[in-house]
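As a plain string of letters, each chain reads:
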Amino acid sequence: MADGLPNNQIECIYKDSRGILWVGTHNGLAKIEGGTITNYSTDNGLSNNSVWDIVEDAEGNLWFATFGGGISKFDGKEFTAQNHHELLKNSFVRKLFIHNNYLLIGTEKGLFILNLKDYSVVGLETEQERFQIMDYFTYKGEIYIGVYTHGIYNLNTEALTLTKIRNTFKSDSSFGTSSIFSLYINNGDLYYGSAGLKIGDNRNSIIKFKTSNFIESKDEDISFGNSIIWDFTKDSNDTIYCAAWGVHKNDGGLFKIADSSLVNVTKSFGIKSDKVRTLFYDMDFDFLYVGTQDKGLYQLSLSKTISFFNDVSGIIEFKEKNSDLYILHEKGLSIKPDNKLIKNQNTEIFFNFFTQEAKKELPYLPINGNYNSFYNSIKNLEFYDLDIYENALWVSSSFGLFKLNLQGDIVQFLYYSSYKFLFLGSDMLTAHKFEATNLHLDVLNKPKSNDIDSIAKIIPFSPKDKNNPVYITKMLKYKDLVIVSSSKSGLHIFKDKVYESLALKNIFSARDINNISLDNYSKTLLVSTNTGDVFLLDMATNYKVLTHIKRDEIVGNSITLLENHKEALFIGTEKGLNIYQNGSIRLIDVAQGLKINDFTTSKIIKDTIYVGTQSGYYKIDLEKILNPKKIHPSITLTNIKVNYQKDTTKTYTWFNSDKKKLTYKYWQNILDLSFKTSNYPYPNKLRYSYQIEGLDPVWSIYSTKQNIFIPYLPIGTYNVNIKIKDLNTGSISLSKLAAITIVPPFWKTWWFISLLLLVLLISGFIAFKNRIKYIKKREQQKAKIQQRLVETKLEALQSQMNPHFTFNAMNSIQNYIIDNDIDNALMYLSEFAKLIRTTLENSSKHLILLAEEISYLKSYIVLENMRFNNKVNVTIDYDGLEANSIEIPPMIIQPFVENAFVHAFNKNYTNPKLSIKFYIENQLLICIIEDNGKGMNHTNSGQLHESKGLKLVMERLNLLNNFNNNSFKITSEEGKGTKVILQFELIGLDD
């Protein structure tokens, strides 16, 4: 782990109580949490960028030793330099130690003691040269300090004094000036790391003491090792690991102590550095962190779930017999009992055996021409397949079939060149990559394949028969049949020397099959296709599909490995090893130790799955890999942005928000929440899905994103829930990240709405009371108007029936009788009676038809004109109007007509004319009454003289105007006549 660190020179490693991993480097400090690296430097408050040690006090504060800047403290919020002592300010601090309420600070000038309660500092410096504190240990409650070249001192914490109890060592165990680099206590033993102490004829770097003997200055017990040991740590199995760096020699690396000796495990763990400076063991996850001086940080899993072996490479096939593992690879065959290589038959041995056999079988081998040159070159010898049959090993190759005993010795060569092969009794079924299969009969008894007898006993299966497979990818034996997979024609069943295609029989339609795996325990067949789909078939129910794993469920694009073990399916891709278990997919990859993914083959043997690659092979413990320790990752809120700006109102301690209940105003509703997982071994294997409870019940798609963007969150209260899918264990856990409340504006609060409702109720009540009062007042006014209308009608009736008119009418009738003009008298009497009846009928109506009004006017005009001997020329024009469909108020027009007869003309007036015209304009009924009489005179004020009848009409129109748009206008000029214009609201029968 080098990318992302401030420097590859690692000086110290520490995991705090919150599960955060801290890495001190030569040029800065790194925080590793949730798979994310964050770097800190003097720009962030560190007193110096070279961080050499890290400890944590009882309050959870972190203390950092810097080489040239004294110490710094981090309290979860900020870094602060601790400059309580002038000599400590710029000191080179190598080692820190917490004891009770004291922080021991080891510098090159001596020891400083910081009281963690009052932060007072006491300096125990000495005048001795290079009094560099290197390490500490406690024994029986006492603190002991190792000083570089000066020996071991005891610290009296009450008197705050140093007492030397032992010098360093030199040759032959006599006292001298050999340097101290590290000290480590384990089960009563003290390991003393030096710079290659010479003891007798040997130069050793570790001396192992009984701690009690060491304190009492007794001689050492055991010494071993030859590189400088800078650090020790112990795993859960009590294995002690050592960090070694020779400084001026290339003899360092990672070592473990076994039987009082150092075992170099650098290469086996894949560490590419011999400059290992510091170690840290994470007991929570069984990880060993290794810090180097040139290659950065390594994270090693000590669980032994996955082990890698690179003593053989280019793996082709695995087989097992009697606990021995047989591995066929590109360079030959290896035998490894208990993973220890005991025999390796390389390509040259196979080629030499073939060459000798070729000479013996010369009559049967084609040795001339190009064929001969092919077999004469070892470069053309390629291995294809391995099988164990009748206590013998069988290796197929490009030259033919080799038979070996179980000890790995080649005993026979059979000239059967095949890509895949299976023994069926004494017969052998063979297949080439791009060709059909053949059944060789009685092969074990007649090993030669191109003599006349053998040729007669080969049964070829022609590809012309669609039931016969071509492009064979794998052949598996199951009971009395063989299952053959093809990348072109799908699955085929071989039984009783006959093939049957499952695709042609519509049993299983997939054709592009690249691998199959059989589990005899569950009687299931696992099938993968080139398109990335995987099927689990039930052998007992005629290959019924039990499970279909679609391509998008699998991590990776190309399936290169397939194994079926009980209820777990193993699917290898370029991304790692997918494990399908209990309906979910898990991924094993570089995080768990599976660093190489170019899988070539696999084999499940008992409780182990062996996975071959081009670089070596993996041995994976099935019990551990299928039953991982389930750890529910904890989710914490790390950052909150409101309207695209960081929420500075929230406090953050140890990089987490101190509140999970968030309250914002209605306009602060664009939120961006960042979160993290803490203290989890494989954070990159976590996938997150979120739901805003109260807004949307739908969960988001799983992703690696650790932030949630919520735009325009409505007013209300919501819970932000997160589901965490762990690709390491396959488990899914649910956590509540935060509760969010968006406060409404004051006008949407309950109290404001209640107040507003109260105001509205009061206002409504007042408005209601005023409305009632207004309606009552209006009804009173309306009643008065109606009453006045009735009165004006009666008065109009009285005006129309005035005594003058009645007297004139009766006088006219009398004159007709006197003159013995019976006809005119009767006609006049008839019209007069009709007029009186119509007047009485209309007086009770609000509206009458225009046709009725015209008829009424004609009757009236006839009577009046008879008095003038019909001298007045009267015209009534209503062309184009539907007189029987239009209604007007009664008793309005007649007074104006009467006014014309009474005032406009006399009996001597020459050529009197009266015209009445009706028409419609702008949705109004217009009536014009015009005469050519003598006109009307004006009053002193300039107004026209109004008769009582006209006053009544005007009053009626004004009263009617409270309800309708009726009006009139009179124009008159003396000697030129009078013109009256009346406007009525157009009213139809349907209105």
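- The protein is annotated in an unreviewed UniProt entry as Histidine kinase from Gaetbulibacter aquiaggeris.

Structural notes on the pairing of strand 34 (residues 343-346)
Walk down a regular strand and you will see the side chains alternate between the two sheet faces.
In step 1: One ladder, built from four bridges, connects strand 33 (residues 332-337) with strand 34; its direction is antiparallel. Considered in strand 34, the bridge of S334 is made with N344.
In step 2: Following strand 33, the chain reverses through five residues before pairing antiparallel with strand 34; D338 in that reversal takes a positive phi of roughly 55°.

Here we look at the pattern of salt bridges
In step 1: Evaluation of the coordinates by the stated rule reveals 18 salt bridges.
In step 2: With a shortest N-O distance of 2.7 Å, K15 and D282 are connected by a salt bridge. You can see K15 sitting in strand 1 (residues 10-15) and its partner D282 sitting in strand 27 (residues 276-282), a full 267 residues away along the chain. D282 shares its class with K15; the two are buried.
In step 3: Across the pair K685 and D589 runs a salt bridge, and its minimum N-O distance is 2.7 Å. One end of the pair, K685, is in the loop between strand 63 (671-678) and strand 64 (686-693); the other, D589, is in the loop between strand 54 (584-588) and strand 55 (599-605), and 96 residues separate them in sequence. Note on accessibility: K685 and D589 belong to one class, buried.

Side note on the packing of aromatic side chains
In step 1: Counted according to the given criterion, the structure contains 60 aromatic pairs.
In step 2: Between F287 and Y682, the ring centres sit 5.7 Å apart and the planes meet at 65°, which makes this aromatic pair edge-to-face. With F287 in strand 28 (residues 287-292) and Y682 in the loop between strand 63 and strand 64, this residue pair connects regions lying 395 residues apart in the sequence. Y682 matches F287 in its accessibility class, with the two residues each being buried.
In step 3: The ring of W654 has R18 sitting right over it, with the charged end atom 3.4 Å from the ring centre.
In step 4: Note that K723 overlies the ring of W699, its terminal NZ or CZ placed 4.6 Å from the centroid.

A few points about the confidence of the model for the protein
Caution applies to low-pLDDT regions: their predicted coordinates should not be interpreted in detail.
In step 1: Mean pLDDT for the protein: 86, with 90% of residues reaching 70 or above.
In step 2: Per-element averaging of pLDDT across the protein places strand 18 (residues 175-176) at the bottom with 39 and strand 27 at the top with 97.
In step 3: Throughout residues 171-176 the model reports pLDDT below 50, and contacts reaching past four residues in sequence, or to other chains, amount to 13 contacts.

As for helix 10 (residues 850-867)
In step 1: If you check helix 10, its first and last C-alpha atoms are 26 Å apart, about what 18 residues at 1.5 Å a residue would give, namely 26 Å.
In step 2: Among the residues making up helix 10, those that are buried are L850, E853, I854, Y856, L857, S859, Y860, I861, L863, E864, N865 and M866.
In step 3: At the C-terminal side of helix 10, N869 shows a positive phi close to 55°.

So, the UniProt feature "transmembrane region" (unreviewed entry) in the protein
In step 1: Per the UniProt annotation, the sites labelled "transmembrane region" (unreviewed entry) are residues 750-768.
In step 2: Annotated as residues 750-768, this span is 100% helix and 0% strand, and its ends, taken at the C-alpha atoms, are 26 Å apart.

A few points about the sheet that holds strand 7 (residues 70-74)
In step 1: Strands sit in the order 5-6-7-8 across an open sheet of four strands; the sheet is antiparallel. Looking at which strands have only one partner, the edges of the open sheet turn out to be strand 5 (51-56) and strand 8 (79-82). Direction aside, the axes of adjacent strands within the sheet are offset by 25° on average.
In step 2: Summarising the sheet, strand 6 (residues 62-66) and strand 7 pair through five bridges and their orientation is antiparallel. Note on strand 7: the bridge partner recorded for L62 is F74.

A closer look at helix 11 (residues 894-904)
It helps to recall that an α-helix has 3.6 residues per turn; residues three or four apart then point in one direction.
In step 1: Within helix 11, nine of the eleven residues are buried, which leaves the element mostly enclosed by the surrounding structure.
In step 2: All of the buried residues in helix 11 are Q894, P895, F896, V897, E898, N899, A900, F901 and A904.

Thoughts on the nonpolar core
Note on soluble globular proteins: their nonpolar side chains tend to be buried together.
In step 1: The biggest cluster of nonpolar side chains holds 53 residues, and the ones touching the most others in it are W22, L29, F64, L673, I710, L737 and I740.
In step 2: In contact with L737, not counting residues within four places along its chain, are I635, T636, L637, K660, L673, F675, I708, V720 and I722.
In step 3: With 40 residues, the next largest nonpolar core counts L850, M866, L925 and L982 among its residues.

Describing the environment of A392
In step 1: You can see A392 is positioned in the loop between strand 35 (383-388) and strand 36 (393-397).
In step 2: Looking at A392, the relative accessible area reads 3%, which means it is buried.
In step 3: Residues A392 and L404, twelve residues apart in the sequence, show an inter-C-alpha distance of 5.8 Å.
In step 4: Apart from residues lying up to four places away in sequence, A392 is in contact with D387, K403, L404 and L406.

Description of the environment of L587
In step 1: With respect to the secondary-structure elements, L587 resides in strand 54.
In step 2: Judged by its relative accessible area of 5%, L587 is buried.
In step 3: Separated by 143 residues in the primary sequence, L587 and G730 have C-alpha atoms spaced 8.5 Å apart.

Describing the side chain of Q293
In step 1: Within the secondary structure, Q293 sits in the loop between strand 28 and strand 29 (297-301).
In step 2: Classification of Q293 by relative accessible area gives buried; the value is 12%.
In step 3: Of the polar contacts made by the side chain of Q293, one reaches the side chain of Q9; its length is 3.2 Å.
In step 4: For Q293, the contacting residues outside a window of four places in its chain are N8, Q9, I10, E11, W245, K275 and R277.

Quick notes on the environment of T547
In step 1: Following the sequence through the fold, T547 ends up in strand 50 (residues 544-549).
In step 2: Residues T547 and L536, spaced eleven residues apart in sequence, show a C-alpha to C-alpha distance of 5.0 Å.
In step 3: In this view, T547 contacts V534, F535, L536 and Y580; residues no more than four positions away in its chain are not counted.

Overview of the sheet that holds strand 24 (residues 240-244)
In step 1: Pairing is antiparallel across the open sheet formed by four strands, whose spatial order is 23-24-25-26. With one partner strand each, in any of the chains shown, strand 23 (229-234) and strand 26 (262-264) form the two edges of the open sheet. The mean angle between the axes of side-by-side strands here comes to 30°, regardless of whether they run parallel or antiparallel.
In step 2: The sheet contact formed by strand 25 (residues 253-257) and strand 26 spans three bridges and is antiparallel. Within strand 26, the residue paired with F255 across the bridge is N264.

What counts, and where the lines are drawn
Residues numbered from 1 in each chain as written. Predicted model: local features only at pLDDT ≥ 70, side-chain atom pairs only at ≥ 80, totals over all residues. Heavy atoms only, no water. Pairing = 2+ DSSP bridges. Helix = DSSP H or I, 4+ residues; strand = E, 2+ residues; numbered from the N terminus. Salt bridge = Lys/Arg side-chain N within 4 Å of Asp/Glu carboxyl O. Buried < 20%, exposed > 50% of the residue type's maximum accessible area, 1.4 Å probe, protein only. Phe/Tyr/Trp six-rings, centres within 6.5 Å; stacked < 30°, edge-to-face > 60°. Lys NZ or Arg CZ within 6 Å of the ring centre and 35° of its normal. pLDDT = per-residue confidence, 0-100. Contact = heavy atoms within 4.5 Å. Expected span 1.5 Å × (residues − 1). UniProt positions renumbered as here; feature names shortened; annotations may be inferred. Axes fitted to C-alpha atoms, helices over the stretch in contact; angles between N-to-C directions. Core = buried A, V, L, I, M, F, W, Y, C linked by side-chain atoms within 4.5 Å. Polar contact = N/O pair within 3.5 Å; in protein donor to acceptor, adjacent residues only side chain to side chain.

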